[in-house]
Amino acid sequence: MTGPGTAGGSGTTGGLSVRVEGLVHIYRLHETEVVALRGVDLQIAAGETVTLFGPSGSGKSTLLAALSGLIRPSAGTVRIGDDDIGRLSERELSRLRLGRVATLLQGAGRNLLPYATPAQNVAFAQRGASRRRAAPAADLLADLDLGDVADAPLGALSGGELQRVAIAAAVAGGPGLLLADEPTSQLDLAGRDAVIATLQRVNERFGTTVVAVTHDREVGERLGRQVVMRAGRVGEEGRGEERFVVVGADGALHLPLGERDQWPAGTLVEVRRDGEDLRLVRRRQP
Ligand SMILES: Nc1ncnc2c1ncn2[C@@H]1O[C@H](COP(=O)(O)OP(=O)(O)OP(=O)(O)O)[C@@H](O)[C@H]1O
Ligand SMILES: [Mg+2]
C-alpha cells in the first residue's frame, strides 16, 4: 500500500528494505544530457549494511539521491519498504525524508546547525518525528558514545566527532534507512574507525539499513556487503574476501577491473556451458 501512512511511517520500527529495478537517470543540462544511471538493479534486505564503491562519476551519489527521493529517476522503480517512491507525492516524499529515510550529505558540517550544540542539533532533527520512535537527545548521544560532548560547541569537536553527531542527528527520528555519502572521507584513521563503529551501532541498536558511499576498501570490508558501481550500473559485489560480477537486467557482465587489460573492448569470448555454470573462453587470434 502506498500513502502517507506508510511513507510517513508512524510507529513502524526496524530497517527498511530497498529494491531498485532498471533505474535510469539522465541529467539534462541546457543542450547536453548526462546518463548517470544506466539500469541499476539492486536489492538490499532490511537491516543490511552496504557500501557503494566505484570511480568518480560512476553514479554513486545519483543512486543515493534516487533512494532518498531527492531526484526523480528518468526510468525504473525504487521501492523503500512497501513504498514505490516514484508514486509518492512531493508531500509524502518529504514526510518520508523527515521520518523513515535519513540522508547524510558529504561533509559533516552540511548536516548540522553550526551554532547549536550536538544535543540541540539532535532535538531539532527530531521535529516532526514520531514521539514513539524518537529517543531523548541526551540518551541517543550517550548511546552513541557522544554523551561527553552533548552540550559542547560544535567548534570544539574533532572531525570524527562532528560526523558522529551528524549521524546521531540523521537517525534521531528513528529512520529505517540511512543513506550516507562518503561519511569517512577527510577523517584520520581514528576518526574513521569511530564513524564505522557508530554506523554499526546505529544498525544494531535500531535495525536501521545503512547504505554508505566510500572510496575506502576497509570501510567496505568492515561494513559487510560491497556494491561496486561502474559507469552507471552495478558492476561487482563483494562479501568479505569474495568478489562477484553482477549480471545486469540486459544480461551484461562487467569484467573485474584487474582483467580489463587482458581482455580489451571488442575481445571475442565464447560462452561454454559447464553443467550449471558457464565458462568464458577468449577466442585466440588465428
Ligand atoms: N546535478 C548534475 N547535473 C548534471 N550532471 C550531473 C549532476 N550530478 C552528477 N552529474 C553527472 O552524473 C554522473 C554521475 O555522477 P555522480 O555524482 O552520481 O557520481 P559519483 O559516483 O558520486 O562520483 P564521485 O565519486 O566523484 O562523487 C557524472 O557524469 C556526473 O558528472
Ligand atoms: Mg559522489
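The coordinates are above.
Predicted model, so just to flag it, every value in this text is computed and none were measured.

It is worth spelling out the side chain of Glu92 at this point. By the element assignment, Glu92 lies in helix H3 (residues 90-98). Here Glu92 occupies a buried position and makes no salt bridge, while the nearest side chain of opposite charge, Arg72, is found at 7.5 Å. Of note is the side chain of Glu92, whose polar atom sits 2.9 Å from the backbone nitrogen of Ser89.

Counting residues in each nonpolar core, the largest one holds 36 residues, and the members touching the most others are Leu140 and Ile167. Top element by residues in this core is helix H6 (residues 159-170). It accounts for six residues. Leaving out residues up to four positions away in the same chain, Leu140 has contacts with Val122, Ala135, Ala168, Val171, Ala172 and Phe206. Counting 30 residues, the second-largest nonpolar core is a separate cluster that includes Leu37, Val40, Ile85 and Leu177.

Picture the strands of a sheet paired through backbone hydrogen bonds; they go either parallel or antiparallel. Spatial strand order, E2-E1-E4-E5: four strands in an open sheet with antiparallel pairing. Lying at the two open borders of the sheet, with one neighbouring strand each, are strand E2 (32-44) and strand E5 (83-84). Sheet analysis places strand E1 (residues 18-29) next to strand E4 (residues 75-80), joined by five bridges and oriented antiparallel. Note that in E4 the partner of Val24 across the bridge is Ala75. Of the strands in this sheet, E1, E2 and E4 are in contact with helix H2 (residues 60-67), which crosses E1 at around 115°.

Residues in close proximity to ligand 1 total 13 residues, the closest being Ser56, Gly57, Lys60, Ser61 and Thr62. Here an oxygen atom of ligand 1 sits 3.1 Å away from a polar atom, N or O, in the main chain of Gly59. Contacts to ligand 1 include Thr62, whose side-chain N or O atom sits 2.5 Å from an oxygen atom. For ligand 1, the protein covers 65% of the area, taking 630 Å² as the surface of the free molecule. Of all the secondary-structure elements, those providing two or more residues to the shell around ligand 1 are E1, E2 and H2. Tallying contributions element by element places H2 first for the shell around ligand 1, with three residues. Tallied by class, the residues present in the shell around ligand 1 amount to five nonpolar, seven polar and one charged.

Looking now at the environment of Gln200. By the secondary structure assignment, Gln200 is in helix H7 (residues 189-206). Through-space distance from the C-alpha of Gln200 to that of Val210 is 8.6 Å; in sequence the pair is 10 residues apart. Those residues in contact with Gln200 that sit more than four places away from it in its chain are Arg222 and Leu223.

Taking strand neighbours across the sheet as the criterion, the seven strands line up as E6-E7-E8-E3-E9-E10-E11 in an open arrangement whose pairing is mixed. Each having just a single partner strand, strand E6 (101-104) and strand E11 (242-245) make up the two edges of the open sheet. Between one strand axis and the next, the sheet turns by 20° as a mean value, whatever way the strands run. Contacts between H2 and the sheet are confined to strand E3 (49-53), E6, strand E7 (177-181), strand E8 (209-213) and strand E9 (225-230), with E7 contributing the most and set at about 155° to the helix. Those strands touched by H6 are E6 and E7, and its axis lies near 160° from that of E6.

This paragraph deals with the pattern of salt bridges. This model, assessed by the stated rule, comprises 17 salt bridges. Among the ionic pairs, Glu90 bridges to Arg72, the shortest N-O distance being 3.2 Å. Of the two residues, Glu90 is situated in helix H3 and Arg72 in the loop between H2 and E4; the sequence distance between them amounts to 18 residues. Note that Arg201 is salt-bridged to Asp143, the shortest N-O span being 2.5 Å. Of the two residues, Arg201 sits in helix H7 while Asp143 sits in helix H5 (residues 137-143), which places them 58 residues apart along the sequence. Since its relative accessible area comes to 18%, Asp143 is described here as buried.

About the thresholds
- Residues numbered from 1 in each chain as written.
- Chains lettered and ligands numbered in written order.
- Predicted model: local features only at pLDDT ≥ 70, side-chain atom pairs only at ≥ 80, totals over all residues.
- Heavy atoms only, no water.
- Helix = DSSP H or I, 4+ residues; strand = E, 2+ residues; numbered from the N terminus.
- Buried < 20%, exposed > 50% of the residue type's maximum accessible area, 1.4 Å probe, protein only.
- Lys, Arg positive; Asp, Glu negative; His and termini not counted.
- Salt bridge = Lys/Arg side-chain N within 4 Å of Asp/Glu carboxyl O.
- Polar contact = N/O pair within 3.5 Å; in protein donor to acceptor, adjacent residues only side chain to side chain.
- Core = buried A, V, L, I, M, F, W, Y, C linked by side-chain atoms within 4.5 Å.
- Contact = heavy atoms within 4.5 Å.
- Pairing = 2+ DSSP bridges.
- Axes fitted to C-alpha atoms, helices over the stretch in contact; angles between N-to-C directions.
- Near = heavy atom within 4 Å.
- Areas by Shrake-Rupley, 256 points an atom, 1.4 Å probe, with all protein chains shown as cover.
- Nonpolar A, V, L, I, M, F, W, Y, C, P; charged D, E, K, R; others polar.

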